[in-house]
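# Structural description and commentary
Listed below, chain by chain, are the residues.
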Amino acid sequence: MAESRPPVSDPAQVLKEEFRRHLEMFYARLNLAPPYESVEKAVRTLTTIVHGLPLNEQVKIVADPALHWQQFRNAFEASGLAKKHRGIITGLVRDRSAVNLPVEYDHFLNFFRG
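Just so you know, these numbers come straight off a predicted model, no measurement behind them.

This paragraph deals with the environment of N100. Tracing the backbone shows N100 in the loop between α5 (86-92) and α6 (106-109). For N100, a relative accessible area of 49% gives the class partly exposed. Note: C-alpha distance between N100 and A28 (72 residues apart in sequence) is 9.7 Å.

As structure tokens, this is what we get:
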């Protein structure tokens, strides 16, 4: 029997919280202090993007991890996070095997590969 999920009351809130957790992990695993203002801007950007979509599209995104990451990547880039710590992160990701992040984080790391 398939596991049923409770209805999502605010898809944007669900995505916002998940995105924030991913950003915290991203910077923690890279041993970098997150650029707090830019992180907050990225979270606001994601919220704006998601709120601009019809509710059925928001629910669809919440239900599909691939769509989560697509939106997270868009907000990461649009907010300017892809430009923060650029030199440091570029150096760290030269050897992907040395970066202690799950493969999903390549959505962010790819911005720093030359």
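Glancing now at unusual backbone geometry. Even without being a glycine, N31 presents a positive backbone phi close to 55°. Using a relative accessible area of 68% as the deciding quantity, one classes N31 as exposed. A positive phi angle is found at H85, which is not glycine, with a value near 55°. Relative to the helices and strands, H85 is located in the loop between α4 (65-78) and α5. Judged by its relative accessible area of 28%, H85 is partly exposed.

Attention now goes to helix α1 (residues 11-29). With 19 residues, α1 should cover 27 Å at 1.5 Å per step; its first-to-last C-alpha distance of 27 Å lies within 8% of that length. Residues P11, A12, L15, E18, F19, H22, L23, F26 and Y27 constitute the buried set of α1. On an axial view of α1, the arc spanned by its buried residues comes to 165°, and they lie on one face. Elements in contact with the buried residues of α1: α2 (36-51), α3 (55-63), α4, α5 and α6. Positioned one or two residues after α1, N31 has a phi angle of 55°, which is positive.

In terms of nonpolar packing, the biggest core is built from 31 residues, with F19, L23, F26, Y27, F76, I89 and F108 touching the most fellow members. When residues in this core are grouped by element, the largest group, six residues, is from α1. The contact partners of F76, leaving out residues within four places of it in the chain, are F19, L23, F26, Y27, L81, A82, F108, F111 and F112.

Next up on the list: the pattern of salt bridges. Under the counting rule described, the total for this entry stands at three salt bridges. Here R113 ties to D106 by a salt bridge, and the two come within 3.5 Å at their closest N and O atoms. The buried category is assigned to D106, whose relative accessible area is 16%. Residues joined by salt bridges that share partners form a network here, namely R96, D106 and R113.

Criteria and cut-off values
Residues numbered from 1 in each chain as written. Predicted model: local features only at pLDDT ≥ 70, side-chain atom pairs only at ≥ 80, totals over all residues. Heavy atoms only, no water. Helix = DSSP H or I, 4+ residues; strand = E, 2+ residues; numbered from the N terminus. Buried < 20%, exposed > 50% of the residue type's maximum accessible area, 1.4 Å probe, protein only. Expected span 1.5 Å × (residues − 1). Arc of directions from axis to C-beta. Contact = heavy atoms within 4.5 Å. Core = buried A, V, L, I, M, F, W, Y, C linked by side-chain atoms within 4.5 Å. Salt bridge = Lys/Arg side-chain N within 4 Å of Asp/Glu carboxyl O.

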